[in-house]
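Results of the structural survey
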Amino acid sequence: MTQARSTQQWQALDQSHHLHPFTDFQQYAGKGGRIVTGAEHIYIMDSDGNQILDGMSGLWCCNLGYSQSTINEAITNQLQQLPYYNNFFNCSNQPAVELAKALVDVTPAGFNHVFFTNSGSEANDTNIRLVHRYYDLLGKPEKKHIISRKNGYHGSTIAAASLGGMDYMHKQFTGLNYVHHIAQPHWFADGGDLSPEEFGLQAAKELEAKIDELGEDKVAAFIAEPVQGAGGVIVPPATYWPEIQRICRERDILLISDEVICGFGRTGNWFGCETFGYEPDLITFAKAVTNGYQPLGGVMVGDKIANVLMAHEGEFAHGLTYSGHPAAAAAGIATLDILKNSQIIENSGEIMDYFQQQLRTLADHPIVGEVRGLGMFAALELVKDKSSRERLAPESAGAVYCRDQAIGNGLMVRAVGDAMVSAPPLICNREEIDTLVDRLNRALDATAGHYGLK
Ligand code: PXG
């Protein structure tokens, strides 16, 4: 257990010794952080006694909120029976096997195998290893290039960050030279005078052009999120995914659907690829598979690839100490049990429609240029001028200001570029969504006032 300390003491220790992810260390050392001490249902509590409605499901992972006692019990029971054993060298464990089967049951047809990791980043590294191995085994070792998208997010290891298309990340490391980025289908930012449908097709056709440029015999895979999450809940126009699917099929390019955020209900179906009607060869998952209660990720490997991997001799020289960790797997089984038994995803349509409708009432707000989203996540673009889409303030300062106002009002949301992003737990009811929208509205008012636009 941790010791009793005041908020100031926790902050001082934190500032002295703890390097936080995606954080400006210098700035953080000067101001300290919020010490989150507890959570219940859809609320988080901090050491100053604030209770904050979590409009982000943790970090897009606690889709069932914070009070799922059966997941806690599954983890603690498993720790008592078998706290750890590895899945290397002809060994396996019961929770890993059971979770593998449970995942096969909930993923689309044609997915009958899983490779476990501890995170989404490692899962995407694994994807690269898998597609390279697949084409090597097929006698096409020159097929190594991977195409990805600008402003996509696929994780933070070197390989996953290379796949990602965040400029500010690429400035801090040297990316893999066989990863290439094409445009994102972000109509509000890049669509200009095109209709969303025209723009969606144009963005998809960049994949074809990139394959032509690199040579079809050299390209292994295309990776994308169904809806870009960390990039700002960017919902592609309806024309986008069918065209991407056509190109991948015609050109013998594997399609990787990174469902780390979209998986397990966020878009209104079990997986985002189902919502958009495309059929990937590999699915990356993490986050909500354990409702965020244990670190676990992995790759669902489609039959096309699994059959080749299993038809050849020779080991796949890849794995992690904790691949298929029993306690993490137990959390996954318990999470999938809740999702299946409660039918929460199958029955989510009504509450998701309500969330989207209520947020769209904010489209009339003077500083909101666009409200977009589907299922249980959405983004509001903040603008100074609705018709020209001129941004509210330079360097995304408007969104940061608005986020801080929202947190001050008891609502946790994210600022992504110039957008406010929310992805609340799927278990929210109408009243809780009303509270979320009301707190966000008040933050928008305060932000408009701050910039003299009200
Ligand atoms: N793919 C996608 C689509 C993700 O969203 C990862 C891979 C990497 O997963 P791990 O488990 O390695 O973090 C992610 C993670 C944000 C934010 O601020 C988003 C993520 C992680 C941290 C912050 O939106 N997504």
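Here we summarise the structure given alongside this text. These numbers were taken from a predicted model, which means no experiment stands behind them.

Next up on the list: the site of the ligand. As a structural note, the neighbourhood of the ligand is formed by 16 residues, with W60, G120, S121, D258 and R414 the closest of them. Within the side chain of S121, a nitrogen or oxygen atom sits 2.5 Å from an oxygen atom of the ligand. In the environment of the ligand, an oxygen atom lies 2.3 Å from a nitrogen or oxygen atom belonging to the side chain of R414. When the ligand sits alone it has 540 Å² of accessible area, and the protein chains cover 85% of it. Breaking the shell around the ligand down by element, the ones donating at least two residues are α3 (57-60) and α6 (120-137).

Scanning all chains against the criterion turns up 22 salt bridges. Among the salt bridges present, the one from E216 reaches R251, with a minimum N-O distance of 3.3 Å. Taken together, the residues E216 in the loop between α10 (196-214) and β7 (219-224) and R251 in the loop between α11 (240-250) and β8 (254-258) connect sequence positions 35 residues apart. E216 gets classed as partly exposed once you look at its relative accessible area, which sits at 31%. Judged by its relative accessible area of 14%, R251 falls in the buried class. Among the ionic pairs, E279 bridges to R249, the shortest N-O distance being 2.8 Å. Of the two residues, E279 sits in the loop between α12 (272-276) and β9 (282-285) while R249 sits in helix α11, which places them 30 residues apart along the sequence. By relative accessible area, R249 is classed as exposed at 54%. Three or more residues joined by partner-sharing salt bridges are found here, namely K205, E208, E243, R246 and E250.

Another point: unusual backbone geometry. The backbone of N151 shows a phi angle near 65°, a positive value even though the residue is not glycine. Of the residues examined, N151 reaches a relative accessible area of 19% and is grouped as buried.

What follows covers the sheet that holds strand β14 (residues 411-412). The strand order across the open sheet built from four strands is β1-β2-β3-β14, with neighbouring strands paired in mixed fashion. Two strands bound the open sheet, and with one partner strand each, they are β1 (36-40) and β14. The pairing of β1 with strand β2 (residues 43-46) spans four bridges and is classified as antiparallel. By the bridge assignment for β2, V36 is matched with D46. Most of the contacts of helix α17 (residues 430-450) go to strand β3 (residues 51-54), to which it runs at about 105°, and overall it touches β2, β3 and β14.

This next bit is on the packing of α6 against helix α13 (residues 303-310). Put simply, α6 and α13 touch, their axes get as near as 9 Å, and they point 60° apart. As judged from the angle between their axes, α6 and α13 are oblique. Here α6 runs over α13; the crossing is left-handed. The residues of α13 that touch α6, namely those facing L130, R133, Y134 and L137, are K304, I305, V308 and L309. Tallied by class, the residues present in the contact of α6 with α13 amount to six nonpolar, no polar and two charged.

Rules used throughout
Residues numbered from 1 in each chain as written. Predicted model: local features only at pLDDT ≥ 70, side-chain atom pairs only at ≥ 80, totals over all residues. Heavy atoms only, no water. Near = heavy atom within 4 Å. Polar contact = N/O pair within 3.5 Å; in protein donor to acceptor, adjacent residues only side chain to side chain. Areas by Shrake-Rupley, 256 points an atom, 1.4 Å probe, with all protein chains shown as cover. Helix = DSSP H or I, 4+ residues; strand = E, 2+ residues; numbered from the N terminus. Salt bridge = Lys/Arg side-chain N within 4 Å of Asp/Glu carboxyl O. Buried < 20%, exposed > 50% of the residue type's maximum accessible area, 1.4 Å probe, protein only. Pairing = 2+ DSSP bridges. Contact = heavy atoms within 4.5 Å. Axes fitted to C-alpha atoms, helices over the stretch in contact; angles between N-to-C directions. Parallel < 35°, antiparallel > 145°, perpendicular 65-115°, else oblique. Left-handed = near helix turned anticlockwise from the far one by under 90°. Nonpolar A, V, L, I, M, F, W, Y, C, P; charged D, E, K, R; others polar.

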